[in-house]
Each structure stands twice: as structure tokens, then as C-alpha cells.
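Residues per chain, in single letters:
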Amino acid sequence: MFWVPLLLLACAVAALSCGRLCLAAVHAAAAEAKGPRPARRLTLYEAAFLSGGPTRVADVALVSMARRRRLLLAHTGWATVVDPVGGDEVERSVLGAIGPGGQSRIPPVRRATATADAVRALADRLVAAGLAVPDGSWSGIAGAARQVRAAAVAVAALGVVATLLPGQGQGQDGDVPVAVWFALPLFLTLSCLAIARFEVPVSRWASPAGQRLLGALPSRDDLTAVAVRGVRALSDPALRAALSHRDPNLDGYRTAHDRDR
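Residues numbered from 1 in each chain as written. Predicted model: local features only at pLDDT ≥ 70, side-chain atom pairs only at ≥ 80, totals over all residues. Heavy atoms only, no water.

Caption draft 1: Region of the structure containing the overall build of the protein chain. Secondary structure assignment for the protein chain yields 11 helices and three strands. Listing each helix as α and each strand as β along the protein chain from the N terminus yields α-α-α-β-β-α-β-α-α-α-α-α-α-α. Burial status across the protein chain gives 43% buried among its 261 residues. Of the contacts made within the protein chain by residues no fewer than 6 positions apart, 69% connect residues no fewer than 24 positions apart. Here the protein chain has roughly 13,800 Å² of accessible surface; of this, 63% comes from carbon and sulfur atoms. (Helix = DSSP H or I, 4+ residues; strand = E, 2+ residues; numbered from the N terminus. Buried < 20%, exposed > 50% of the residue type's maximum accessible area, 1.4 Å probe, protein only. Contact = heavy atoms within 4.5 Å. Areas by Shrake-Rupley, 256 points an atom, 1.4 Å probe, with all protein chains shown as cover.)

This is the structure:
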């Protein structure tokens, strides 16, 4: 019977982790249900944020400015200002990130634009409209899911230990194998993860309402494709090379070419 404390520990770990995931999902659902959601169309920046977050917004601004000859984006990873007048707040953030010298590496420009006030304000508006996932909600669900996965591993490990204890291969009176008892909390954690996979929004940025609007967004041109799918959707190989460029010696980047985030 030395395996019984291990079973109780496995059950406690499974129940607590699954309970946390359920509470996080309930809170996210409650936030989604608040207030009516008027019908609307997404702007290009909104679609970019809901599809890929702040960095995707920066990519759309860079591509838009390059298409209108306001920026020159070189395949070597440099951005050069051609027209120093931004058409909107995000473009002005891009110009501010490049600086008064009029030239900068593209990766730092993307990062600075992604954290600019204009993009944060865009995120706040989307969250207030119920179209974007609040940071707290996503981190709560993601953290709870990680805890459930860790609990599943812990339960399996405890079951193996209990089974390998001398004389513990069978349950009391030899009726039920010890492993069967540990299969119950393991089934609980795995089923909870499976349900969460289909019932809990999997998008990092878009809420279910935001995902529905994204699904109805017509793919009009390359810029819309970049907003929804990222720089890999660009048909212009020079622009794609410019925005895919990574300097392995710059700010911790280790790869020369990175797939779109």
C-alpha cells in the first residue's frame, strides 16, 4: 500500500491543474461575452494585430511605406527614409524608430515600432471592442495549460514509480493493477487538455469575435495578405528578403533567415 500516497499526490496535482485551466477558460469566456459586438470591418492594422500581434503591424507599415516609395527596404536588411512624412501614427512611429539619420537596420525598427504608443493604443482599442485577447487572459490560459501538461507528466512519473515499488505491481488483494489507478488522474489531465484544445481560443491575439472578422476579411492585395499571413505572403522577393533578413550578431538573433512570426 505504499503506492497510495503517490496516488493521492497524483490526484491532487491533476485536480488542481485542471481546475486552474477551467477557471482561466471561464474568465476568458466571461470577458468575451461582455457587451454587444457591433458589426464592423477591420482596418489593415487591426487585421495585422489580430493575426500576428504588434510585430505584424510594424511589417504592414513597412511594406506600405515601401510600396509608396516612402521607404527603401534593402535586401541586406537596411531601411532608408525617402519621404520623412508619415501618413498615420504607425508610420510616424516607424520614422521615429529609424531616427534623424534616415537609415537603420530593419530588425530594431520593427521592434521599436511594435512597442510604440500607436500600436499599444491600437491593441487597447481592439481589447475594448472585444476583438483582441487581453494579455492577462491569454497568459492565464497559456500558463494553466502548461501546468496541466506538467501535471500529466508528473502523474505518469508517479505511476511508474508506484508500479516499480517492490511488491506493488498489483493493487490490494491483487485485484486491480496499480497502474490502473494512476490512469484515472492521467485521463483527467489529458481529457482536460483535449477539451481545451477545441473549446478555448487558440489564437494568441484574436478573440473568437476577432477571428470571425478575420475569416470574413477579403484578400484584396499583397498588403492584406501580409496583414493576415505575414511577410511570407509577399510576392515581391526583394521586399520578402528585406523583411526576412536577420543579423546573427544583432540583439541575440542567431539565424540568418527567420520564418515569419
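Following the structure, the description resumes.
Caption draft 2: Representation of the confidence of the model for the protein chain within the structure. Residues of the protein chain with pLDDT of at least 70 account for 80%, and the chain-wide mean is 81. Across residues 247-261, confidence stays below pLDDT 50; counting only partners more than four residues off in sequence or on other chains, it has 29 contacts. (pLDDT = per-residue confidence, 0-100.)

Caption draft 3: Layout of the packing of aromatic side chains. Throughout the structure, instances matching the rule amount to one aromatic pair. For the ring pair phenylalanine 49 and tryptophan 205, a centre distance of 5.5 Å and an interplane angle of 65° mean the geometry is edge-to-face. Placement of phenylalanine 49 in helix H2 (residues 44-52) and of tryptophan 205 in the loop between helix H8 (178-199) and helix H9 (208-215) is noted, with a sequence separation of 156 residues between them. (Phe/Tyr/Trp six-rings, centres within 6.5 Å; stacked < 30°, edge-to-face > 60°.)

Caption draft 4: Layout of the pairing of strand S2 (residues 78-81). Inspection of the sheet shows strand S1 (residues 71-73) paired to S2 by three bridges, in the antiparallel sense. Paired with leucine 71 across the strands is valine 81, a residue of S2. In terms of strand pairing, S2 meets strand S3 (residues 103-105) through three bridges, oriented antiparallel. Looking at the pairing, alanine 79 lines up with serine 104 of S3. (Pairing = 2+ DSSP bridges.)

Caption draft 5: Here's a closer look at the pattern of salt bridges. Throughout the structure, instances matching the rule amount to seven salt bridges. Among the ionic pairs, aspartate 59 bridges to arginine 110, the shortest N-O distance being 2.7 Å. Here arginine 110 lies in helix H5 (residues 106-114) and aspartate 59 lies in helix H3 (residues 54-67), a separation of 51 residues in the sequence. The partner of arginine 92 in a salt bridge is glutamate 89, with the nearest N and O atoms 2.9 Å apart. Taken together, the residues arginine 92 and glutamate 89, both in helix H4 (residues 89-98) and three residues apart, mark about one turn of the helix. Take arginine 92: its relative accessible area is 41%, and that puts it in the partly exposed class. When salt bridges with common partners are traced through the structure, they connect Arg68, Arg70, Asp83 and Glu91 into a single cluster. (Salt bridge = Lys/Arg side-chain N within 4 Å of Asp/Glu carboxyl O.)

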